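So you can see what is in the structure, the chains are spelled out below.
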Amino acid sequence: DAKTTQPTSMDCAEGRAANLPCNHSTISGNEYVYWYRQIHSQGPQYIIHGLKNNETNEMASLIITEDRKSSTLILPHATLRDTAVYYCIVRAINKFYFGSGTKLNVKP
Amino acid sequence: DGGITQSPKYLFRKEGQNVTLSCEQNLNHDAMYWYRQDPGQGLRLIYYSQIVNDFQKGDIAEGYSVSREKKESFPLTVTSAQKNPTAFYLCASSIVFIGANQETQYFGPGTRLLVL
């Protein structure tokens, strides 16, 4: 029960913005949306999270739709080091629901 | 240098053998977690612990056991009852757990378990 759906893979040109979509149509009012990424054979790295409002930090921006049924992670200037699997996660009490994620391929 | 450490990086298990994976954190986090990841898949929760001397089963606890005798340590034992143990095991911790749902989990580097 992953509670989120993401495209299996996406390509992005180096230096361009990468926009990763996520659907979470069954999200509850008090559940947060989290984004992590995982480079091959490493532990997942926290990127950003949000509830209703858009959020931005030094790594990325998170845009959440008004109905909260979907969100988009934006990497403003993708680099080759951003190649990874990106997980969109709904955070419920006592549990993270991890899906299969989106494999982002950043190409020179 | 704060963080979560897992050891060993690679671990080999013989048939019928129990093995223990180590997870240590010096972040002073209350909660700790163990996840399993199979190739091309997301993470699945095995066990979690909110406080010392307490832990709860996750979605796939069968064939695994844990202990939480110290706040900074949460070892996972893969028993012989786990028939398909080959996977990547990830430990995580977070600062607050009970009744809240916005704690960020921080992950260790993982242990890859292989069956001989």
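Further up the page is the structure itself.
Report follows, based on the coordinates. Counting restarts for each chain, with residues numbered from 1 along the sequence as it is written. Chain letters start at A and ligand numbers start at 1, both assigned in the order the entries are written. Local features in this predicted model are restricted to residues of pLDDT 70 or higher, and side-chain atom pairs are both shown and tallied only at a pLDDT of 80 or more, whereas totals for entire chains, interfaces and linings draw on every residue. Side-chain measures were taken over the full set of non-hydrogen atoms in the model, leaving aside hydrogen atoms and water.

The secondary structure listing takes helices from DSSP runs of H or I that are at least 4 residues long and strands from runs of E that are at least 2 residues long, numbered from the N terminus. Across its full length, chain B holds 0 helices and 11 strands. Reading the secondary structure of chain B in the N-to-C direction produces β-β-β-β-β-β-β-β-β-β-β. Dimensions of chain B, computed from C-alpha atoms along their principal axes, come out at roughly 40 × 30 × 30 Å. Sorting the 116 residues of chain B into buried and exposed places 49% on the buried side. Put simply, 54% of the contacts in chain B that link residues at least 6 apart link residues at least 24 apart. The Shrake-Rupley method, run with a 1.4 Å probe sphere, supplies the accessible areas, and residue values consider only the shown protein chains as cover. As displayed, chain B has an accessible area near 5600 Å², and 49% of this comes from carbon and sulfur atoms. To sort residues, take the accessible area from a 1.4 Å probe on protein chains only and compare it with the maximum for the residue type: under 20% means buried, over 50% means exposed, and anything in between is partly exposed. Whether two residues are in contact is decided by their heavy atoms: any pair within 4.5 Å suffices.

The next thing to look at is the interface of chain B and chain A. In this complex, chain B contributes 24 residues to the contact, which on the side of chain A involves 22 residues. Taking both partners together, chain B and chain A bury about 1800 Å²; carbon and sulfur atoms supply 47% of that area. Definition of a polar contact: a pair of N or O atoms within 3.5 Å, with one able to donate and the other able to accept a hydrogen when the atoms are protein atoms, and with sequence-neighbouring residues admitted only if both atoms are side-chain atoms. At the surface where chain B touches chain A, the tally comes to 5 residue pairs in polar contact (both at pLDDT 80 or more). Where the side of chain B that touches chain A is concerned, the elements lending two or more residues are strand 4 (31-37), strand 5 (43-49) and strand 9 (87-94) of chain B. The term buried area denotes the loss of accessible surface (1.4 Å probe radius) that occurs when two parts are joined, taken as the sum for both partners.

The subject of this paragraph is the sheet that holds strand 8 (residues 76-78) of chain B. Residues and elements named next belong to chain B. Strand pairing is assigned whenever DSSP detects at least two bridges linking the two strands. Taken together, the 4 strands give an open sheet; going across it, the order is 1-3-8-7, and neighbouring strands pair in antiparallel fashion. Lying at the two open borders of the sheet, with one neighbouring strand each, are strand 1 (4-7) and strand 7 (64-66). Averaged over neighbouring strand pairs, the angle between their axes works out to 20 degrees when direction is ignored. Where strand 7 and strand 8 come together, 3 bridges link them in antiparallel fashion. Among the inter-strand pairings, Tyr-64 is bridged to a residue of strand 8, identified as Val-78. Only the stretch in contact is used when fitting a helix axis, every axis being a line fitted to C-alpha atoms; angles between N-to-C directions are given from 0 to 180 degrees.

This paragraph deals with the pairing of strand 6 (residues 61-64) of chain A. Regular strands show a simple pattern: their side chains alternate between the two faces of the sheet. All names here are of chain A. Pairing between strand 5 (residues 55-56) and strand 6: 2 bridges, direction antiparallel. Of the residues in strand 6, the one forming a bridge with Thr-56 is Ser-61. Here strand 5 hands over to strand 6 after 4 residues, the two strands then running antiparallel side by side. Taken together, the 4 bridges between strand 6 and strand 7 (residues 70-75) define a ladder with antiparallel strand orientation. Looking at strand 7, one finds that Ile-64 is bridged to Ser-71. Between strand 6 and the antiparallel strand that follows it, strand 7, lie 5 residues; Arg-68 among them carries a positive phi value of about 65 degrees.

Read these as spatial facts, not as claims about activity.
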